[in-house]
Amino acid sequence: MASSHSSSPVPQGSSSDVFFKKEVDPTKHIRPVQSLPDVCPKEPTGDSHSLCVAPSLVTDQHRWTIYHSKVNLPAALNDPRLAKRESDFFTKTWGLDFVDTEVIPSFYLPQISKEHFTVYQQEISQREKIHERCKNICPPKDTFDRTLLHTHDKSRTDLEQVPKIFMKPDFALDDSLTFNSVLPWSHFNTAGGKGNRDAASSKLLQEKLSHYLDIVEVNIAHQISLRSEAFFHAMTSQHELQDYLKKTSQAVKMLRDKIAQIDKVMCEGSLHILRLALTRNNCVKVYNKLKLMATVHQTQPTVQVLLSTSEFVGALDLIATTQEVLQQELQGIHSFRHLGSQLCELEKLIDKMMIAEFSTYSHSDLNRPLEDDCQILEEERLVSLVFGLLKQRKLNFLEIYSEEMIITAKNIIKQCVINKVSQIEEIDTDVVMKLADQMRMLNFPQWFDLLKEIFSKFTIFLQRVKATLNIIHSVVLSVLDKNRRTRELEEISQQKNATKDSSLDTEVAYLIHEGMFISDAFSENELTPIAIDTTSQRNASPNSEPCSSDSVSEPECTTDSSSSKEQTSSSATPGGVDIMVNEDMKLTDLELEKLANNIQELLYSASDICHDRAVKFLMSRAKDGFLEKLNSTEFITLSRLMETFILDTEQICGRKSMSLLGALQSQANKFVNRFHEERKTKLSLLLDNERWKQADVPAEFQDLVDSISDGKIALPEKKSGATEERKPAEVLIVEGQQYAVVGTVLLLIRIILEYCQCVDNIPSVTTDMLTRLSDLLKYFNSRSCQLVLGAGALQVVGLKTITTKNLALSSRCLQLIVHYIPVIRAHFEARLQPKQYSMLRHFDHITKDYHDHIAEISAKLVAIMDSLFDKLLSKYEVKAPVPSACFRNICKQMAKMHEAIFDLLPEEQTQMLFLRINASYKLHLKKQLSHLNVINDGGPQNGLVTADVAFYTGNLQALKGLKDLDLNMSEIWEQKR
């Protein structure tokens, strides 16, 4: 039964089935061919028992499957037995549109001709010839003859008698269902008196099974007989195969003997040497590991020694190196499992120690005596501290230094005040307890000396701060430069390594012996020099011995710790060893540049701190109005001192601080207001007490005017000896012209010069001084107009009347001020910014106002004489005697007018004034003559009038300076009609 499963009695699925089907009568055993619409034929029919039983090998061996299909779809569509294609078959399923249609050739496919296959035929012709030759040499076997077919049919008929259950591939009697089907229990049941019948049934079943066995054995024997030639050929080939195997076995044995001899002669010694070399290298690695562990074990004592000498950078480097070694080469060492955390705590302790040390250094550096010449205190200590703080990213040390600067600035002022107050015996410190109150008891010279000393101390303080910050700044810049150079070296190293790696041979032979790479032993000597360099760099630390014998262990270390070195800059050799590029600082370039800017800002902050403390010192002294009470000289001295200090600090720090400058400007504004109010009040008092009489000019005022003429707008120095010998002059001589002035104008000129000199001494108040001076000039103009032209002096001073002399004197004083306005304008213009030139228009307005005032005074003098002419000539009668009394009075008044103004006004102005008076006289005389009907007819009345006019003309021209005056008296007569 088992053998029936291994070899099929009838060939299945072979090409021989085709021949069988063509020769067998279709009416006997082969099922007829089904019609085309049913693609799959129906199952073979049999008795009812065979249909309900499992598949049988005999029944199913000719069962049709899709693999037996010999007709494809194109063959069905082109059936030669059909004269015309039956369209109903396809249209029934696929639709009415399934008809023959002409296929339009594609535009994208080329037209294929026989020439396209020429190349293929040429290539395949040689192979075709070989194939034909082989077919001739080995002809195929003839197909079975008809007898074989007949025998085959008979065998298949016999096999159909065997039930299908025996032909199942999974036939097994241990299955209960299969066993019950083959051996029913009903045949073996002896109960109920049926023993004989059951025994007969059992015997019949046994015979039936024996018959099935015989059929199967006969078919097996038949199949063997059909393949007898193949069996005999196999038996013949078996002997040849055994001979070949025997020869092969002998060849293999000989080859193994040769390989054993080669291994013994050529390999065992070399491999033993390699094992010894690897053993030695491992021993050296273990030895170096132990030395490295001994060195790491000495880390903590070494760090303690370094900290005792304030070598913070060395201690940090040693800790960093030890942590790197622990992470890369000593990772997993049980005895060092707590060392990493201990080093971290020690590193935090060093951070605190460095901050405390920097705070102590800052305090000792800034609070040492300011008289010392040494600018930098312990420069090496400072550099070490800054390097350590930068390494640990403790960038808040600048804040510590800033706080210390503020405290030091306060202490400088406090100490200077204490020293100054202790030198003054008049201050009782027991009574006046507060230091600020004691400072306020100082007079100006004492307080000025104190301020000067404070500014001097602050200057030294800033120089010291600048020197210290320069050292810190240079350290930061050096670290920044080192980072950039390191980055450039890394880029160059990476480029070189890329070039070397591309030139290496990528084929590596891995010869494995006892679980190790033998190639490691050969490359060990190549890695040794580079490993020595990396080990010496890594283990180098202050007060620690470098391990020079670590060269052999380095390759393993670098391989194991490659992942940790990826975070730092490194370069790889062709042997695979990473060379560490130690980066001492963890700061980026952006952080270092920001820190450098913060250092510069800290220097600016130091200047601001000094200025702020100086402002507070000034404000504490100004609480009782002390600064506002200073005179011009004292304030100018104070202002110059403050400006000098501002310039010094700007030169030291590179930026001008505005706090002290703002305080100076504020005090300057207060000083300008007080300065102006004092002088305006003084001018007001002078004007209110001015009697408008000509005053003598002291020699000092003449010298003052002369200095202005020389181009110096400044108050001259007093010369006591020279001024006593010189007598006062009657007039003031300005550039060759005489000015008769009142005493108020002389003082006003001095006040104007004080304004100009104040601008020179305090340039920041130029605009304010210009505004105040213009206000002062306007005040003088308006007030003098009120007193003289407005006759206010009658009530203020008690004058009986405003005389022509008062008017002429007032006009001359105004002319003197007008003369100096361009000089003042030029003085201020030279000290103003171009954008401030618009303020000079004030002087133009003042000049116009003064000219208008002078014109009004001249008009007033003419008006006085006009009223006199109107009064006298209205009573004029043309009669004897000649000259008449009217003309005598007119000439007398004209002589008085001339006497009053001639010594005050220049000759030109006098002539112009009398021309205007004469015009008024002629107008009134003409009017009176017209009223009297006196005409130029040569009559008696005409003669009398001519005589009076000649008398008037003679007297007027006889006056000094009026001889050449053209009176043109012919205009008094009306023209004849």
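Here the structure is a predicted model, which means the values were calculated and not measured. (Residues numbered from 1 in each chain as written. Predicted model: local features only at pLDDT ≥ 70, side-chain atom pairs only at ≥ 80, totals over all residues. Heavy atoms only, no water.)

Undergrad: Can you walk me through the overall build of the protein in this structure?
TA: The secondary structure content of the protein amounts to 34 helices and six strands. Residues counted as buried form 37% of the 977 residues belonging to the protein. In the protein, of all internal contacts separated by at least 6 residues, the share reaching a separation of at least 24 is 78%. About 59100 Å² of surface is accessible on the protein, with carbon and sulfur atoms providing 55% of the total. (Helix = DSSP H or I, 4+ residues; strand = E, 2+ residues; numbered from the N terminus. Buried < 20%, exposed > 50% of the residue type's maximum accessible area, 1.4 Å probe, protein only. Contact = heavy atoms within 4.5 Å. Areas by Shrake-Rupley, 256 points an atom, 1.4 Å probe, with all protein chains shown as cover.)

Undergrad: Looking at this structure, how should I read empty space enclosed by the protein?
TA: This structure, assessed with the given rule, holds three cavities of 30 Å³ or more. There is about 60 Å³ of room inside the second largest cavity. Lining the second largest cavity are Ile708, Ile713, Ile749, Ile752, Leu753, Tyr820, Val823 and Ile824. For the lining of the second largest cavity, the elements supplying multiple residues, two or more each, are helix H27 (743–761) and helix H30 (804–829). Its residues assigned to classes, the lining of the second largest cavity shows eight nonpolar, no polar and no charged. (1 Å grid on protein atoms, 1.4 Å probe; cavity = no way out; pocket = protein on both sides within 12 Å on 5 of 7 lines; lining within 4 Å. Points joined across faces, edges and corners; volume = space filled by probe spheres on them. Nonpolar A, V, L, I, M, F, W, Y, C, P; charged D, E, K, R; others polar.)

Undergrad: Teacher, can you tell me more about the packing of H30 against helix H32 (residues 885–901) here?
TA: How two helices pack is summed up by the angle between their axes together with the distance between the axes. Running from amino to carboxyl end, H30 crosses H32 at an angle of 35 degrees, the nearest separation of the two axes being 9 Å. As for how H30 packs across H32, the hand of that crossing is right-handed. Residue-level inspection shows Thr804, Lys805 and Ala808 of H30 in contact with H32, the latter providing Met897, Ala900 and Ile901. A per-class count over the contact of H30 with H32 returns four nonpolar, one polar and one charged. (Axes fitted to C-alpha atoms, helices over the stretch in contact; angles between N-to-C directions. Left-handed = near helix turned anticlockwise from the far one by under 90°.)

Undergrad: Help me out: how do you make sense of H30 in this one?
TA: Think of an α-helix as turning once every 3.6 residues; residues three or four places apart then point the same way. With 26 residues, H30 extends 38 Å between its outermost C-alpha atoms, agreeing within 8% with the 38 Å of an ideal straight helix rising 1.5 Å per residue. Approximately 30 degrees is the largest bend angle found in H30, and it occurs at Ile821, with the proline Pro822 only one to four residues beyond. Taken across its 26 residues, H30 has 19 buried, putting it largely inside the fold. (Expected span 1.5 Å × (residues − 1). Bend = angle between axes of the 7 residues up to and from the residue.)

Undergrad: Can you help me understand a nonpolar patch on the surface in this one?
TA: The grouping of Ile112, Phe117 and Tyr120 at the surface amounts to a nonpolar patch, some 350 Å² of accessible area in total. Residue placement: Phe117 occurs in the loop between helix H6 (87–94) and helix H7 (118–137). (Patch = residues over 30% accessible without salt bridge, like charges linked within 9 Å, V, L, I, M, F, W, Y side chains within 5 Å. Salt bridge = Lys/Arg side-chain N within 4 Å of Asp/Glu carboxyl O.)

Undergrad: I would appreciate a short explanation of H27 in the present structure.
TA: In a regular helix each residue adds 1.5 Å, so 19 residues correspond to 27 Å; H27 covers 27 Å between its end C-alpha atoms and thus fits that length. Most of H27 is tucked away, with 14 of its 19 residues classed as buried.

Undergrad: In this structure, what is going on with the environment of Glu628? I would like to understand it.
TA: Tracing the backbone shows Glu628 in the loop between helix H22 (589–621) and helix H23 (632–653). On the basis of relative accessibility, which here comes to 37%, the residue Glu628 falls in the partly exposed class. Distance in space between the C-alpha atoms of Glu628 and Ala668 is 9.3 Å, their sequence separation being 40 residues. Setting aside anything within four residues of it in sequence, one finds Glu628 in contact with Lys670 and Arg674.

Undergrad: What's the story with the nonpolar core in this structure? I'm lost.
TA: Side chains of a nonpolar character, in soluble globular proteins, are inclined to be buried together. With 194 residues, the main nonpolar core has Ile350, Trp447, Ile817, Phe828 and Tyr921 as its most contacted residues. Broken down by element, the residue count for this core peaks at 18 residues, all from helix H18 (residues 444–503). Residues Val162, Phe166, Phe171 and Val216 belong to the second largest nonpolar core, which totals 10 residues. (Core = buried A, V, L, I, M, F, W, Y, C linked by side-chain atoms within 4.5 Å.)

Undergrad: Whenever I open this one, the environment of Asp964 confuses me. Can you help?
TA: By secondary structure assignment, the location of Asp964 is in the segment after helix H34 (940–958). Residue Asp964 is classed as exposed on the basis of its relative accessible area, which comes to 73%. In this structure, the C-alpha to C-alpha distance between Asp964 and Gln911, residues 53 residues apart in sequence, is 9.3 Å.

Undergrad: How should I be thinking about the confidence of the model for the protein in this particular structure?
TA: As a note on interpretation, predicted positions should not be read in detail where pLDDT is low. In the predicted model, the protein carries a mean pLDDT of 75, and the fraction of residues at 70 or more is 75%. Within the model, the stretch residues 1–59 combines pLDDT values under 50 with 69 contacts to residues more than four positions away or in other chains. Note that pLDDT drops below 50 for residues 505–583; the model gives that stretch 109 contacts with residues more than four away or on any other chain. (pLDDT = per-residue confidence, 0-100.)

Undergrad: Where do I start with a negative patch on the surface in this structure?
TA: A cluster of acidic residues, Asp696, Glu730, Glu899 and Asp903, forms a negative patch at the surface. The topology assignment puts Asp696 in the loop between helix H24 (659–689) and helix H25 (699–709). (Lys, Arg positive; Asp, Glu negative; His and termini not counted. Charge placed at Lys NZ, Arg CZ, Asp CG, Glu CD.)

Undergrad: Teacher, can you tell me more about the environment of Leu789 here?
TA: With respect to the helices, strands and loops of the structure, Leu789 is situated in helix H28 (residues 766–789). The sequence separation of Leu789 and Lys860 amounts to 71 residues, and the corresponding C-alpha distance is 7.9 Å. Beyond its immediate sequence surroundings of up to four residues, Leu789 is in contact with Ser784, Leu807, His853, Glu856, Ile857 and Lys860.

Undergrad: Where do I start with the packing of H23 against H24 in this structure?
TA: Taken N-terminus to C-terminus, the directions of H23 and H24 make an angle of 165 degrees; their axes are 11 Å apart at the nearest point. By the angle between their directions, the pair H23 and H24 is classed as roughly antiparallel. In the packing of H23 onto H24, the handedness of the crossing is left-handed. Note on element contacts: H24 touches H23 through Leu660, Leu661, Leu664, Gln667, Ala668, Phe671, Phe675 and Arg679, opposite Ser632, Phe635, Ser639, Met642, Glu643, Phe645 and Ile646. For the contact of H23 with H24, the residue count by class is 10 nonpolar, three polar and two charged. (Parallel < 35°, antiparallel > 145°, perpendicular 65-115°, else oblique.)

Undergrad: How should the packing of aromatic side chains be read in this particular structure?
TA: By convention here, two paired aromatic rings are described through the distance between centres and the angle between planes. Counted by the stated rule, this structure contains 15 aromatic pairs. By way of ring pairs, the aromatic residues Phe869, Tyr876, Phe887, Tyr921 and Tyr952 are connected into one cluster. The residue whose ring lies beneath Arg812 is Tyr739, and the NZ or CZ to ring-centre distance is 3.8 Å. (Phe/Tyr/Trp six-rings, centres within 6.5 Å; stacked < 30°, edge-to-face > 60°. Lys NZ or Arg CZ within 6 Å of the ring centre and 35° of its normal.)

Undergrad: Explain the side chain of Ser920 here, please?
TA: As for its placement among the helices and strands, Ser920 is situated in helix H33 (residues 907–932). If we ignore the near neighbours within four places in the chain, the residues touching Ser920 are Asp866 and Phe869.

Undergrad: I'm lost on the side chain of Thr178 in this one. Help?
TA: Structurally, Thr178 can be placed in helix H9 (residues 176–182). When near neighbours in sequence (up to four residues on either side) are disregarded, Thr178 contacts Ile165, Phe171 and Ala172.

Undergrad: How should unusual backbone geometry be read in this particular structure?
TA: Peptide bonds are, in most cases, trans, and in most cases residues other than glycine have a negative phi. Here the phi dihedral of Trp692 falls at roughly 55 degrees; this positive angle occurs in a residue that is not glycine. Tracing the backbone shows Trp692 in the loop between H24 and H25. Note on Trp692: relative accessible area 3%, which makes it buried. For Glu735, which is not glycine, the phi torsion reads 50 degrees and is therefore positive. If you trace the backbone, Glu735 turns up in the loop between strand E5 (732–734) and strand E6 (737–739).

Undergrad: Any chance you could explain the pattern of salt bridges here in plain terms?
TA: Close approach of charged atoms allows side chains of opposite charge to pair. Inspection of the entire model under this criterion finds 13 salt bridges. Taking the shortest distance from any N to any O, the salt bridge between Arg655 and Glu601 comes out at 3.9 Å. In this pair, Arg655 is assigned in the loop between H23 and H24 and Glu601 in helix H22, connecting sequence segments 54 residues apart. Overall, Glu601 belongs to the partly exposed group, its relative accessible area being 42%. Between Glu678 and Arg674 there is a salt bridge, with its nearest N and O atoms 2.9 Å apart. Residue Glu678 and its partner Arg674 are located together in helix H24, separated by four residues, close to a single helical turn. The class for Glu678 is partly exposed, based on a relative accessible area of 38%. Exposure remark for Arg674: the relative accessible area of 18% places this residue in the buried category.

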